Amino acid sequence: MAQGIVVRNIESRLDENTDKYWYGDDPFLTHFFNAVSSTFPEGERFFIRSVRHYADSVEDAVASDTIARFVGQEGRHSREHDGHVELLVEQGYPALAWLNRNQKVVMGWINRKAPRFALAMTVAIEHVTAVFAHEFLHRPERWIGPMHPDMQAIWRWHAVEEAEHKAVAFDVYRAAGLPLWMRRLAMLDATIGFLAEIFLRHCYLLIKDRQLRPSVLWQGAKALFGKEGLLRVLAPHLKPFYRADFHPDDQDDRALLAQRCREWGLASA
């Protein structure tokens, strides 16, 4: 693992005074990122359980301190995004809590009954989040700039730490001797499943706000799928994951991480 990992704490400033449409006063993009954020609490806990299951058996190949720092970062991420979900529930979106309870049951079952596939899914989704993180670090003015300052602090911190620990689950998977075909299958499953989950939550949020209107959807579709749309920009970076010789550190983010940590006042590795 070429990149250092620092477990940081941030002081959450999310409360009832946080803007409802905190992403450039845009309901579509605000709720897109709300939908993404709402999946994080149970997702991060799933990642922790998946990696911990193999921690003792791969200790010689993957330093226990590295795994501990991964767990520390992910644990803080889950708690911070728990707070965001609580705020969203208070703002009138109670189904998110129900969805997360169901997600907890399903993910817990996968951890218990299919730990190999749980780790493969963790590796795949960690790559998806690392691709998001790299784009946010690379072009923060484009993706983080429109956010309310309270949200900027959370997404900057999360992006930095996702980029730092992007190789941990992968290295545990490789050290455990798990197969290439399962990693590839997990990425296909994660891509389809993650997008479907985001779509479901996104539609719910828009419907609750009566924002599922043609004009809102058209502008939102351009923001996600247009020439410089977020999902269109990210999609090509998922393809390398299927290579047999792929490793997350093929994308060296160390200089970019150091630069952003200086700019954003975050502790640097």
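We now turn to the structure provided with this report. (Residues numbered from 1 in each chain as written. Predicted model: local features only at pLDDT ≥ 70, side-chain atom pairs only at ≥ 80, totals over all residues. Heavy atoms only, no water.)

A few points about a positive patch on the surface
Selection rule: The patches described consist of residues with a relative accessible area above 30% and no salt bridge, like charges being joined within 9 Å and nonpolar side chains (Val, Leu, Ile, Met, Phe, Trp, Tyr) within 5 Å. Surface accessibility follows the Shrake-Rupley procedure with a 1.4 Å probe radius. Residue values consider only the protein chains on display as shielding. Here, a salt bridge means any Lys or Arg side-chain nitrogen found within 4 Å of an Asp or Glu carboxyl oxygen. In summary, the charge assignment counts Lys and Arg as positive and Asp and Glu as negative, without counting His or the chain termini. Lysine's charge is taken at NZ, arginine's at CZ, aspartate's at CG and glutamate's at CD. Helix and strand definitions follow DSSP, with helices as H or I runs of at least four residues and strands as E runs of at least two, each counted in order from the N terminus.
Positive charge collects at one region of the surface, where Arg 49, Lys 104, Arg 112 and Lys 113 lie side by side. At three residues, helix 3 (residues 95-113) tops the list of elements feeding residues into the positive patch. For Arg 49, the position within the fold is in helix 1 (residues 27-55).

Quick notes on the packing of helix 2 (residues 64-90) against helix 6 (residues 149-164)
Using the following cut-off: Between N-to-C directions, angles span 0 to 180 degrees; the directions come from axes that are lines fitted to C-alpha atoms, helices contributing only their stretch in contact. To sort the angles, those under 35 degrees are grouped as roughly parallel, those over 145 as roughly antiparallel, those from 65 to 115 as roughly perpendicular, and the leftovers as oblique. For any pair of crossing helices, the crossing counts as left-handed if the nearer helix is rotated counterclockwise from the farther one by less than a right angle, and right-handed if it is rotated clockwise. We call two residues in contact whenever any of their non-hydrogen atoms come within 4.5 Å of each other. Charged residues are taken to be Asp, Glu, Lys and Arg, nonpolar residues to be Ala, Val, Leu, Ile, Met, Phe, Trp, Tyr, Cys and Pro, and polar residues to be all remaining types, Gly included.
Viewed as axis vectors pointing N to C, helix 2 and helix 6 meet at an angle of 155°, and their least axial separation amounts to 11 Å. The angle between helix 2 and helix 6 places the two elements in the roughly antiparallel class. Between helix 2 and helix 6 lies a crossing of left-handed hand. For the pair helix 2 and helix 6, the contacting residues are Gln 73, Glu 74, Arg 76, His 77, Glu 80, His 81 and His 84 in the first and Met 151, Ile 154, Trp 157, His 158, Glu 161, Glu 162 and Glu 164 in the second. For the contact of helix 2 with helix 6, the per-class residue count stands at three nonpolar, five polar and six charged.

A look at helix 1
One turn of an α-helix holds 3.6 residues; hence residues three or four places apart share an orientation. The following threshold applies: A helix is expected to span 1.5 Å for every residue after the first. Across the chain, bend at a residue is computed as the angle between axes fitted to the seven residues ending at that point and the seven starting from it. Burial status follows relative accessibility: with a 1.4 Å probe on protein chains alone, a residue under 20% of its type maximum counts as buried, one over 50% as exposed, and anything between as partly exposed. Distance and chemistry together define a polar contact, namely a pair of N or O atoms within 3.5 Å, with one atom able to donate a hydrogen and the other to accept it when in protein, and with adjacent residues in sequence counting only for side-chain atoms on both sides.
If you check helix 1, its first and last C-alpha atoms are 42 Å apart, about what 29 residues at 1.5 Å a residue would give, namely 42 Å. At Pro 41, helix 1 shows its largest kink, close to 40°. In terms of burial, helix 1 is a largely internal element, 25 of the 29 residues being buried. Its side-chain oxygen placed 2.9 Å from the backbone nitrogen of Phe 28, Asp 26 serves as the N-cap of helix 1.

Points about the packing of helix 1 against helix 6
Put simply, helix 1 and helix 6 touch, their axes get as near as 14 Å, and they point 50° apart. By the criterion of interaxial angle, the relationship of helix 1 to helix 6 is oblique. Helix 1 and helix 6 meet at a crossing whose hand is left-handed. Across the interface between the two elements, Phe 33, Val 36, Ser 37, Phe 40 and Glu 44 of helix 1 pack against Trp 155, His 158 and Glu 162 of helix 6. When grouped by side-chain class, the residues that make up the contact of helix 1 with helix 6 number four nonpolar, two polar and two charged.

Thoughts on the packing of aromatic side chains
Rules: Aromatic pairs are defined between Phe, Tyr and Trp rings, using the six-membered ring for Trp, whenever the two ring centres lie within 6.5 Å; interplanar angles under 30 degrees are classed as stacked, those over 60 as edge-to-face, and all others as tilted.
In the structure shown here, the tally under the stated rule is 13 aromatic pairs. A ring pair is formed by Phe 32 and Phe 33, whose centres lie 5.2 Å apart and whose planes are at 80°; its orientation type is edge-to-face. Each member of the pair, Phe 32 as well as Phe 33, carries the same accessibility label: buried. With a centroid separation of 5.4 Å and an interplanar angle of 55°, the aromatic rings of Phe 241 and Phe 246 are classed as tilted.

Here's the deal with the side chain of Ser 50
The residue Ser 50 is located in helix 1 in this model. Residue class for Ser 50 comes out buried when judged on its relative accessible area of 2%. Engagement of the side chain of Ser 50 in a polar contact is seen with the side chain of Thr 122, the distance being 3.1 Å. Discounting chain neighbours no more than four positions away, the residues touching Ser 50 are Asn 111, Ala 118, Leu 119 and Thr 122.

These results come straight from atomic positions and should not be treated as a statement about function.
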